[in-house]
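Letter by letter, the chains look like this.
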Amino acid sequence: MTLFDLFKRRGSAPVARERLQVLLAYERKNRGQPDLVAILREEIMAVIAKHVQVGHDDVQIAMERGDTMSTLEIDVHIPNGGLIAA
Amino acid sequence: MGKVVVVTSGKGGVGKTTSTAALGAALAQTGKRVALVDFDVGLRNLDLIMGAERRVVFDLVNVTQGVAKLSQALIRDKRVDTLFLLPASQTRDKDALTEEGVAEVIGALREKFDYVFCDSPAGIERGAQLAMRHADEAVIVTNPEVSSVRDSDRIIGLLDSRTLKAERGETVNKHVLVTRFDAARAARGEMLSINDVLEILSTPLLGIIPENQGVLRASNVGSPVTLSEPTNAAARAYLDAAKRLEGEDLPVVLPFHRQGLFDRLFGRRAA
């Protein structure tokens, strides 16, 4: 933070406004749509389960929404010896 | 035929019940016949805010189940004789209210009253959807705070899809009522401004109720603030909002904010 920022500081309302605008734009677009993360999780789980013995808790799926791009992070913990011969 | 007005918000604790009581009483005082219906099954509170908690004999569920007649269950206000209350039931069975039962009661109330206010429970589930089902108008109570605005947006979505009007291809007339507004904090940029809220929700404004100690005083004594302290700033804002609900074209003025020398010098920079 520079000295200039100190004088520029205008309270937290503009931050609230911007967060809401981004969030609501997303929520309105997806209203009534099935939950994408839940669907991906189920389908990815099914694919992994075909080849690896993993429990539901061994797969972490995280989504980070950005303004122009989103990332989907899939973290699979494969126990040693859990591979199933195809 | 009376108008059905749902008072709703999604989020709890933003002032639905307070606003139902204040707006209903304000309209009843002008001679309109007004019924206030508490839809918060299990957690009734409108009776308490109206000061009628010791007079509840029958409730909404009793009427829908045919245990009591509507005329038996309606409680006439002791202060304004055109104001009536239909309390919620305290049953824990949240399915006690049926779609058909509600339709019948609202239909009967519409015949007898000029305004039927439905005080919605918080949330977006069945109870909230039943409360808005028959609405012609909706008052969306919103605090200038992110979670309240987000929930109001969800509720607006439901009003546009789950109401009878929406299903018939008509629209519920929606109005935003901003409550607990602090003009000084908004001026300093510490609170969402009225324009922020309206722009985000793109819904017209019914009124701005300033944060005011009189509101708690009124609920302490069991009286709508518009009856107990009609000259209070919050009460005046409710009285104006009631006139707008009646269709009067009354400009909304920002609640008065006394700006001291300190505010003027440092207000903008304080965070």
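Residues numbered from 1 in each chain as written. Chains lettered and ligands numbered in written order. Predicted model: local features only at pLDDT ≥ 70, side-chain atom pairs only at ≥ 80, totals over all residues. Heavy atoms only, no water.

**A look at the overall build of chain B**
- Within chain B, the regular secondary structure consists of 14 helices and eight strands.
- On C-alpha atoms alone, chain B measures out to a radius of gyration of 18 Å, which is about the 18 Å that the 2.2 N^0.38 rule sets for 271 residues.
- If one aligns the C-alpha atoms of chain B with their principal axes, the spans along those axes are about 65 × 40 × 35 Å.
- Every one of the 271 residues in chain B was classed for burial, and the buried ones make up 55%.
- Residue pairs in contact within chain B that sit at least 24 positions apart in sequence constitute 74% of those at least 6 positions apart.
- Approximately 12300 Å² of chain B is accessible, and the part contributed by carbon and sulfur atoms is 48%.
- One finds the centroid of the 35 positive side-chain charges in chain B at a distance of 4 Å from the centroid of its 35 negative side-chain charges. (Helix = DSSP H or I, 4+ residues; strand = E, 2+ residues; numbered from the N terminus. Rg over C-alpha atoms; globule rule 2.2 N^0.38 Å. Buried < 20%, exposed > 50% of the residue type's maximum accessible area, 1.4 Å probe, protein only. Contact = heavy atoms within 4.5 Å. Areas by Shrake-Rupley, 256 points an atom, 1.4 Å probe, with all protein chains shown as cover. Lys, Arg positive; Asp, Glu negative; His and termini not counted. Charge placed at Lys NZ, Arg CZ, Asp CG, Glu CD.)

**Structural notes on the confidence of the model for chain B**
Residues and elements named next belong to chain B.
- Model confidence for chain B is summarised by a mean pLDDT of 92, while 94% of its residues fall at 70 or above.
- Contacts for the low-pLDDT stretch residues 267-271, under 50 throughout, to residues beyond four places or in other chains number twelve contacts.
- Taken together, the chains of this predicted complex give a pTM of 0.84 and an interface ipTM of 0.73. (pLDDT = per-residue confidence, 0-100.)

**Considering the nonpolar core**
- Among the nonpolar cores identified, the biggest contains 51 residues, and B:Val6, B:Phe39, B:Leu86, B:Leu109, B:Val116, B:Leu159 and B:Phe181 are the most heavily contacted of them.
- Setting aside chain neighbours within four positions, we find B:Phe181 in contact with B:Pro144, B:Ala186, B:Met191, B:Leu192, B:Ile194, B:Ile208, B:Ile209, B:Pro210, B:Glu211, B:Leu254 and B:Pro255. (Core = buried A, V, L, I, M, F, W, Y, C linked by side-chain atoms within 4.5 Å.)

**A few points about the environment of B:Leu227**
Residues and elements named next belong to chain B.
- By secondary structure assignment, the location of Leu 227 is in helix H12 (residues 225-228).
- Look at Leu 227 and you get buried, because its relative accessible area is 17%.
- Taking the C-alpha atoms as reference, Leu 227 lies 8.5 Å from Gln 29; in sequence the two are 198 residues apart.
- Excluding residues that lie within four positions of it along the chain, Leu 227 makes contacts with Ala 25, Gln 29, Asp 77, Arg 79 and Val 80.

**Structural notes on helix H11 (residues 213-221) of chain B**
- For H11(B), the capping residue at the N-terminal end is B:Asn212, with a side-chain oxygen 2.6 Å from the backbone nitrogen of B:Gly214.
- Remark: B:Gly222 follows H11(B) within two positions and exhibits a positive phi of approximately 75°. (Polar contact = N/O pair within 3.5 Å; in protein donor to acceptor, adjacent residues only side chain to side chain.)

**Topic: the environment of B:Met50**
- Within the secondary structure layout, B:Met50 lies in the loop between helix H2 (46-49) and helix H3 (60-64).
- Setting aside residues up to four positions removed in sequence, B:Met50 forms contacts with B:Ala21, B:Leu36, B:Asp77, B:Arg79, B:Leu83, B:Leu85, B:Gly222 and B:Pro224.

**Observations concerning helix H13 (residues 233-245) of chain B**
Residue and element names in this part refer to chain B.
- If you check H13, its first and last C-alpha atoms are 18 Å apart, about what 13 residues at 1.5 Å a residue would give, namely 18 Å.
- Within H13 the residues assigned to the buried category are Ala 234, Ala 235, Ala 237, Tyr 238, Ala 241, Ala 242, Arg 244 and Leu 245.
- By the N-cap criterion, in which a side-chain oxygen at the helix start approaches the backbone nitrogen of a residue two or three places on, H13 is capped by Asn 232, the distance to Ala 234 being 2.7 Å.
- At the exit of H13 stands Gly 247, carrying a positive phi of roughly 100°. (Expected span 1.5 Å × (residues − 1).)

**A closer look at the layout of surface pockets**
Residue and element names in this part refer to chain B.
- Taken as a whole, the largest pocket spans an internal volume of roughly 550 Å³.
- Together, 26 residues line the largest pocket, and Gly 13, Val 14, Gly 15, Thr 18 and Val 215 are the ones closest to its centre.
- Sorting the residues of the lining of the largest pocket by element identifies helix H1 (16-29), strand S7 (173-181), strand S8 (205-210) and H11 as the ones contributing at least two each.
- Sorting elements by how many residues they give to the lining of the largest pocket places H11 first, with four residues.
- Of the residues belonging to the lining of the largest pocket, the class tally is nine nonpolar, eleven polar and six charged. (1 Å grid on protein atoms, 1.4 Å probe; cavity = no way out; pocket = protein on both sides within 12 Å on 5 of 7 lines; lining within 4 Å. Points joined across faces, edges and corners; volume = space filled by probe spheres on them. Nonpolar A, V, L, I, M, F, W, Y, C, P; charged D, E, K, R; others polar.)

**Let's talk about the interface of chain A and chain B**
- Counting residues at the interface gives 16 residues for chain A, matched by 18 residues for chain B.
- Surface buried jointly by chain A and chain B totals about 1600 Å² across both partners, of which 51% is contributed by carbon and sulfur atoms.
- The residue A:Arg17 makes a salt bridge to B:Asp196 at a minimum N-O spacing of 2.4 Å.
- Between chain A and chain B we count seven residue pairs in polar contact (both at pLDDT 80 or more) in total.
- It is helix H2 (residues 13-30) of chain A that contributes the most residues to the side of chain A that touches chain B, ten residues altogether.
- In terms of residue class, the side of chain A that touches chain B is made up of seven nonpolar, three polar and six charged. (Buried area = accessible area lost by both parts, 1.4 Å probe. Salt bridge = Lys/Arg side-chain N within 4 Å of Asp/Glu carboxyl O.)

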